[in-house]
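Summary of structural features
Okay, here's what each chain looks like letter by letter:
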Amino acid sequence: MLNIEIDGKPVEVDHGTTIIDAADKLGIAIPRFCYHKKLSVAANCRMCLVQVEKFNKPLPACATPVADGMKIFTRSKAAVEAQKSVMEFLLINHPLDCPICDQGGECDLQDIAVAYGASGSRYTEEKRVVLNKNIGPLVSTDMTRCIQCTRCVRFLKEVGGMMELGLINRGEHAEITAYVDKSVDSELSGNIIDLCPVGALTSKPFRYSARTWELTRRPSIAPHDGLGSQIEVQIKDGKVMRVLPREKESINECWLSDRDRFSYEGLNSSDRLTIPMIKHHGEWHETDWKTALEFAAGHLKEIADTRGGDQIGVLVSPNSTMEEAHLAKKLAHGLGSDNVDYRLRHTDFRHDGKRLGVVWMGCNIPDVEQMDRILVIGSNLRNEHPLLAQRIRKAVANGAELSLVNPLDDDPLIPVMHKAICSPNDMVNVLAQILKAISGLERLSLCLPKSLNELLENIKVWDNSKAMANSLAGHGDLVDLVSPRSAVFLGNISQHHPRYTEIYSLAEAIASLCGATFGVLSAGANSVGANLVGAMPQVKGLNAKAMLESPRKAYVLVNVEPELDCHNPALANQAIAQADCVVALTAYKSDALRNAHVLLPIAPFTETSGTFMSMEGRVQSFKAVTKPLGECRPAWKVLRVLGNTLGLQGFEFDSSEEVKDEIFGGEKPSSVVWRTLNNNLRELIDVVVKVKLEGELQRIGEIPQYQSDAIVRRSPPLQKTKYLAKPVAAMHPKLLAKLGIEDGDTVLVKQAHGEAILKAKADSRVHSACVRIAGASQATLGLGDLMGEITVEKIQVTAPAMEATA
């Protein structure tokens, strides 16, 4: 530790601490523009100049490490004069447009200019003008205001993983720009708006819509992925105007993904359902809540009494709160049904009842940065978990080795040490090879069950699989660690896989042999919470897939659009169409709910209270930040009143907090959570290594990040990004040549009993035995499972016909 003095105040700091960090520790404000605690030091704005004893000129506080006995003066005459000089230079070319600038009221330049700026400028020449750049639908630019602090450049390179902006020219002609004809496409791009200390980069959707002092700020939790990012929702006249990150070092640090930042634009979509509706003779009619609830309760009760409770299926969105999932389960049980599930996009449920507890990510989020070896199985990290991807990026930058087993070779913008790009079905084979290599490497084969040892005897281990095993065990070429901290994670592609049970079993065995953390990166905001409350079938109930394959007479849909949220859109549409009664609790009216019989308008996350449980097991409650729109009601309250109308017991709740208390039995949530989280299997599930499907081609159907749920799908700025291009049939150039298809040709894709007409696209990132076709899209609703056997053939079709088909 070093003892220093700042403005006469002594402080003890670590070796390597900079002056600006030491001053922040003491609460002494030093003005800065280019410095940010999460970015590398650039020291190019010079606003943080301070006087240091025995130095004959001011020093930049952000780039000067302290020394023992150092005396620093931040408010001396020399320091203030230096800071004022820098301020004068920064304002020479800055436009005087504060009254119309979106940054007004929260601008660092404004604030610091008040303290260090002069009353007038000595600069009489013409100010320079910099042309604005179009860098996409999310970030607006006014580059004449830019002071070249390079925060945006450093963020996109160091945190986002790719240098999408840069500084060109020199001196007065220097300017920030993107590559020619390129936009900023990072899934974290919105953070450069927060980082910009002036009004050069502002939010394009928010632009000119409100002033910062007009906004009311309320805390909430992001509802779109399992990270549980903490957000600040800003309101004006009862409408959500903007969403910003709340700093939480152990979760989202000070960042926010674009999905969480800009999805609010979908909250007030024209699709919002604000009044209960009942279908009569094929036509929708608005009604009151009493009539709608009695209609729904009457039909559900009639089916339960005459056909049996097992003829009722309840599907719950994994983005629903714990309270909503709990009451949906209670409603199903009250009607005599155990058919309730939140795993809408899963296709393999053989491991149900064979796990010891609730599935989670296996560690805390900050622990990811401390890992030495990471194996990710079946995941497009940037698409599924943007902020977790940057944690892994940070770990690799610190020396960790990343290995991937995936059917897609998308660039994670992270250096990958080893990777196996294989067809979805071959993933089981690759994992079996890694397991065999690790068991031989550690001489631990006796620890494996006899059946698995016999299976592994016939597996041939490829060099790539052996290299991954060496890496996980800490015997890599770069660093030989005695006991590395390793992690094995399963992503969305693994969870949607038709052989998820075998992938899970092999991954758990790999992790246990090498002493690694084993976890599942859940997709929904509350997947872990829905698992904990038991919103899934027990002994005799049907899972989500079975409920659609064996259609029920009635369905209750909680925040679900079946065609877009289920594993098989064609199957979901068929099952819902055959039902005698479909009760949909939804925030939106849409074509995906055309076969429903009653629509009950529920409030989205900003208009209700509830609890999300993140994939690390963190329980986070939130309150409504604004009043429900129209006649909308919180979903937990709708389920409660529906239970009361049905005459069911146990639905006497006056608040969501009372529902939460029932979930945790009055105990402290953390006590219940850490008692139930467990990824281990009770018994090894039989694993059959099958190298390829009987058919020739296999579909890879991932869900684009801006199509993941109903709110995101209705956010106009997110729908304009490059991630939402029209779905295509992407194939490896070798496969295109084999099928006699050229890039851009129109093809007919057939899967199960459905089909879709798409454009073929050459994509070398796709395995040569697969076709990449996105799910959750209107253009692909006729297809089946996200991963299954398909056929592709070239056809001749006119453009109008193709548009009509799409």
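Residues numbered from 1 in each chain as written. Predicted model: local features only at pLDDT ≥ 70, side-chain atom pairs only at ≥ 80, totals over all residues. Heavy atoms only, no water.

An unreviewed UniProt entry annotates the protein as NADH-quinone oxidoreductase of Methyloradius palustris. Note on the protein: under the UniProt heading Catalytic activity (unreviewed entry), the record states "a quinone + NADH + 5 H(+)(in) = a quinol + NAD(+) + 4 H(+)(out)". In its Sequence similarities (unreviewed entry) section, UniProt records this for the protein: "Belongs to the complex I 75 kDa subunit family." (UniProt positions renumbered as here; feature names shortened; annotations may be inferred.)

Counting buried positions over the 7 residues of strand E12 (residues 239-245) gives 6, a clear majority of the element. Note: strand E11 (residues 230-236) against E12, 6 bridges, orientation antiparallel. For Ile231, the partnering residue across the bridge sits in E12 and is Pro245. (Buried < 20%, exposed > 50% of the residue type's maximum accessible area, 1.4 Å probe, protein only. Helix = DSSP H or I, 4+ residues; strand = E, 2+ residues; numbered from the N terminus. Pairing = 2+ DSSP bridges.)

Relative to each other, helix H8 (residues 322-334) and helix H20 (residues 635-645) sit at 20°, their axes nearing to 9 Å. Judged on the interaxial angle alone, H20 and H8 are roughly parallel. Here H8 and H20 pass one another in a crossing that is left-handed. Between H8 and H20, the contacting residues are Glu323, Glu324, Leu327, Ala328 and Leu331 on the first element and Ala635, Trp636, Leu639, Arg640, Leu642 and Gly643 on the second. (Axes fitted to C-alpha atoms, helices over the stretch in contact; angles between N-to-C directions. Parallel < 35°, antiparallel > 145°, perpendicular 65-115°, else oblique. Left-handed = near helix turned anticlockwise from the far one by under 90°. Contact = heavy atoms within 4.5 Å.)

If you check which residues of helix H13 (residues 463-473) are buried, you get Ser465, Ala467, Met468, Ala469, Ser471, Leu472 and Ala473. Gly474, located one to two residues past H13, shows a positive phi value of around 85°.

Overall, parallel pairing links the 5 strands, which are arranged E19-E18-E17-E20-E21 in an open sheet. Sheet topology places strand E19 (418-421) and strand E21 (517-520) at the edges, where each strand pairs with a single neighbour. Mean inter-strand twist for the sheet, computed between neighbouring axes without regard to direction, equals 10°. In this structure, strand E18 (residues 401-406) lies alongside E19, joined through 4 bridges in parallel fashion. Its bridge partner lying in E19, Ser403 is registered against His418. Helix-sheet contacts for H13 involve strand E17 (373-377), E18, E19 and strand E20 (486-490), and the interaxial angle to E19 is about 140°.

This brings us to the pattern of salt bridges. Applying the stated rule across the entire model yields 47 salt bridges. The salt bridge partner of Glu607 is Arg272, with a shortest N-O separation of 3.1 Å. Of this pair, Glu607 sits in the loop between strand E24 (598-601) and strand E25 (610-613) while Arg272 sits in the loop between helix H6 (258-262) and strand E13 (277-280); the two residues are 335 residues apart in sequence, bridging distant segments of the chain. Across the pair, Arg272 and Glu607 agree in class, each one buried. Between Glu401 and Arg373 there is a salt bridge whose closest N-O contact spans 3.4 Å. Placement of Glu401 in strand E18 and of Arg373 in strand E17 is noted, with a sequence separation of 28 residues between them. Arg373 shares its class with Glu401; the two are buried. (Salt bridge = Lys/Arg side-chain N within 4 Å of Asp/Glu carboxyl O.)

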